[in-house]
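Structural features, examined
Here is how the chains run, residue by residue.
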Amino acid sequence: MTLDSKIPEGPLSEKWTKHKFNLKLVNPANKRKYEVIVVGTGLAGASAAASLAELGYNVKAFCFQDSPRRAHSIAAQGGINAAKNYQNDGDSVHRLFYDTIKGGDYRAREGNVYRLAQVSVSIIDQCVAQGVPFAREYGGLLANRSFGGAQVSRTFYARGQTGQQLLLGAYSALNRQIANGKVKMYNRTEMLDVVVSDGKARGIITRDLITGKIEAHSAHAVLLCTGGYGNVYYLSTNAMGSNVTAAWRAHKKGAFFSNPCFTQIHPTCIPVTGDHQSKLTLMSESLRNDGRIWVPKTARPGFKGTDAVNLPENERDYFLERKYPSFGNLVPRDVASRNAKQVCDEGRGVGATGLAVFLDFTDAIKRDGKKTIEAKYGNLFDMYKQITGENPYEVPMMIFPAVHYTMGGLWVDYNLSTNVPGLYALGEANFSDHGANRLGASALMQGLADGYFVIPYTLGDYLATIGWADKLSTDHPSFKQALESVNGTINKLLSIKGNKTVDEYHRELGLIMWEYCGMSRNEPGLKIAKKKIQELKVNFWSNVNVLGSNNELNQELEKAGRVSDLIELGELMVDDALSRGESCGGHFREESQTPEGEAMRNDNEFAYVSAWEFKGDGQAEELHKELLIFENVKLTQRSYK
């Protein structure tokens, strides 16, 4: 089958402008006749719900937290990209587009990425108008800093709390529409299925996480803004509640899942310290602006931060600065992560486990003074000290790569529509803008671009086409069938009464994924992983122990449903990694690397987006390929040297 991306014709810089004019419109009086469901209220979901309600649509918004303010978007620290060129250092919309395409190792669509770069400029104006307290220069102008994969300063930030401040801006806009009666907010409510009838998305099935009540909700369109699936690895920088269930249940109802093996490993996280941990903590990439990454030139087992202070310069290896003189410590995340792993594999890692490298601010503090560094990164330094007990103003931080962001997600076209009409995916829930590796500070950019500036245009085109009368009642057989299916799955989970907890299965899945489908992959290992995951799935459905009942607050039941979906997703990630016999971005196949150990693409065979079609339980998924056409950039081997 041919996947139609619906990329408009014409010059790259004119595609979005022309497309907006050609989209069908819903007149203001008719907008109030439509209902739209938004699942997830992070940056993508809150901005979409607020924007659509402002236009006049009736919106139902769902989140499993007690408040939209709890969305994982708050965890983003370092900043948001925009091609404003305030620094007058050579930035432009085209340069942001090029950096994003190159940073993603040429595995993203040109049209989508250029649009993202275009609307980035408007995002900053929107957020400033909402009162987001971006950092400012002495004269009052908005400040910028650098991030990996770029040689210009284009990242706007609010200290180390950028995601939280942006979410509060979107949340205030959402609250205004809730007060106006245009958004009905459902907190502590989880989506468990999409209802599809006559090939169109018609609504969703949800569970009230307090009472256990299962309900059906009908709408003209469904928007999934539910984030990524990094928790398939168990240990990640994601919140423990982050999951793939909404996207995965949509996938099993016909929505294609794209590029699932493209997982980002973030280079600057607090290292693992033991089996007691349930998640890892991110240290913002912005720290690489002023912090220098290094390890000793020779192996020094158990080498600590207090030891590092006295180690002479000539015995230190600033390996990123040495290998990549043009970008230094600001190489993209996948490059920095692989190099950190490499020096640790050589035995030169630091700390008690040897799985860490130093991030050292000694030179920056000497150069700029402690107060300046504190103004930029103070809350991050405080967080590090509280977690590790060490003061990064006095000794170097210790960091190591960890799972962070997932570039894969539901397949969408230029309009953010999945291949199921009426079902849309926004933000990290879709695959569209980052290719095989996301540049730092681009997640917030994409989430807000999709919610504030893309979906308000493209959704109207679909709604105008179907008309306001094309909506099913929740009494329709399609809804009753979906309700029965959800209740059946819940009852099955509760009835197994096995010997292992949900967390045990989750941790086991994470170990398999990290070992065989983590920072590097190879064919024999991936085949082992597939067999292990299949065995884990069989064992889960025969031996998991879910305590309690459905008609109550039951977090074990919540986790059980999510982990069962993550197990199935893990197998698809392995299949995707096996099918892509090249290295690109975050997908590093050991069989495909340059003599210097860099990722080596194979554009003749793999310049495509993988789109997997669910064929039924126990059946192999079918791979569809959307070929990527590059007319404005030249496919070259990435170099940051």
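About the cut-offs
Residues numbered from 1 in each chain as written. Predicted model: local features only at pLDDT ≥ 70, side-chain atom pairs only at ≥ 80, totals over all residues. Heavy atoms only, no water. Core = buried A, V, L, I, M, F, W, Y, C linked by side-chain atoms within 4.5 Å. Buried < 20%, exposed > 50% of the residue type's maximum accessible area, 1.4 Å probe, protein only. Helix = DSSP H or I, 4+ residues; strand = E, 2+ residues; numbered from the N terminus. Domains from an automatic or database assignment. Contact = heavy atoms within 4.5 Å. Pairing = 2+ DSSP bridges. Axes fitted to C-alpha atoms, helices over the stretch in contact; angles between N-to-C directions. Left-handed = near helix turned anticlockwise from the far one by under 90°. Nonpolar A, V, L, I, M, F, W, Y, C, P; charged D, E, K, R; others polar. Expected span 1.5 Å × (residues − 1). Arc of directions from axis to C-beta. Buried area = accessible area lost by both parts, 1.4 Å probe. Salt bridge = Lys/Arg side-chain N within 4 Å of Asp/Glu carboxyl O. Polar contact = N/O pair within 3.5 Å; in protein donor to acceptor, adjacent residues only side chain to side chain.

So, the nonpolar core
With 183 residues, the main nonpolar core has Ile-80, Leu-223 and Leu-463 as its most contacted residues. Looking at this core, the element that brings in the most residues is helix α13 (residues 443–466), giving 12 residues. Counting the residues that make up this core, at least three belong to each of domain 1 (267–404) and domain 2 (484–602). For Leu-223, the residues in contact, after removing those within four places along its chain, are Val-36, Ile-37, Val-38, Val-39, Ala-48, Leu-52, Tyr-424, Leu-426, Ile-455 and Leu-459.

Quick word on the sheet that holds strand β18 (residues 608–613)
Judged by pairing direction, the sheet is antiparallel, and its four strands sit side by side in the order β16-β10-β18-β19 without closing on themselves. The outermost strands of the open sheet, each flanked by one partner alone, are β16 (409–410) and β19 (622–627). As judged from the six bridges shared by β18 and β19, these two strands associate in the antiparallel manner. Looking across to β19, one finds that Tyr-608 is bridged to Leu-627. Across the sheet, helix α17 (residues 555–579) lies against β10 (257–258), β18 and β19, angled at about 140° from β18, the strand it touches most.

What about the packing of helix α3 (residues 43–55) against helix α6 (residues 162–179)?
In the contact formed by α3 and α6, the axes pass within 8 Å of each other and the chain directions differ by 35°. As for how α3 packs across α6, the hand of that crossing is left-handed. Where α3 approaches α6, its residues Leu-43, Ala-46, Ser-47, Ala-49, Ala-50, Ala-53 and Glu-54 are matched on the opposing element by Leu-166, Leu-167, Ala-170, Ala-173, Leu-174, Arg-176 and Gln-177. Split by residue class, the contact of α3 with α6 holds 10 nonpolar, two polar and two charged.

A closer look at helix α14 (residues 477–495)
Between its first and last C-alpha, α14 extends 27 Å over 19 residues, near the 27 Å set by a 1.5 Å rise per residue. For α14, the complete set of buried residues consists of Ser-478, Phe-479, Ala-482, Val-486, Ile-490, Leu-493 and Leu-494. The arc enclosing the buried residues of α14, seen along the axis, measures out at 145°, which places them on a common side. Every exposed residue of α14 that faces more than 90 degrees away from the buried side is listed here: Pro-477, Gln-481, Glu-484 and Ser-495. Buried residues in α14 make contact with β6 (189–197), β7 (200–208), β8 (214–218), α16 (523–543) and α17. Two residues or fewer after α14 comes Lys-497, characterised by a positive phi angle close to 55°.

Remarks on the pairing of β7
Counting buried positions along β7 yields seven of nine residues, so the element is predominantly enclosed. Direction of pairing for β6 relative to β7: antiparallel, over a ladder of eight bridges. Its bridge partner being in β7, Met-191 is matched across the sheet by Thr-206. In this antiparallel pair of consecutive strands, β6 and β7, the connection spans two residues, and Asp-198 shows a positive phi of 55°. When β7 meets β8, the two strands line up antiparallel, connected through five bridges. Along β8, the bridge assignment pairs Thr-206 with Glu-215. Where β7 folds back onto β8 in an antiparallel hairpin, the turn is made up of five residues, including Gly-212, whose phi is positive at roughly 85°.

What about the domain arrangement of the protein?
By the assigned domains, the protein splits into domain 1 (267–404) and domain 2 (484–602). Each partner contributes residues to the interface: domain 1 has 11 residues there, and domain 2 has nine residues. Summed over both partners, the interface of domain 1 with domain 2 comes to about 800 Å²; 55% of that surface belongs to carbon and sulfur atoms. Counting across the interface, domain 1 meets domain 2 through zero salt bridges. At the boundary of domain 1 with domain 2, the tally comes to three residue pairs in polar contact (both at pLDDT 80 or more). The set of elements that each furnish at least two residues to the side of domain 1 that touches domain 2 consists of α10 (333–345) and β15 (397–406). Among the elements that take part in the side of domain 1 that touches domain 2, α10 stands out by supplying five residues, more than any other.

Remarks on the sheet that holds strand β1 (residues 35–39)
One open sheet holds the five strands; their spatial order is β5-β2-β1-β9-β17, and the pairing between them is parallel. Each edge of the open sheet is held by one strand with a lone partner, namely β5 (183–186) and β17 (423–425). Each strand of the sheet is rotated relative to its neighbour by a mean of 20°, with strand direction disregarded. Bridge analysis of strand β9 (residues 221–224) against β17 gives three bridges, and the strand direction is parallel. Residue pairing in the sheet places Leu-224 in a bridge with Ala-425 of β17.

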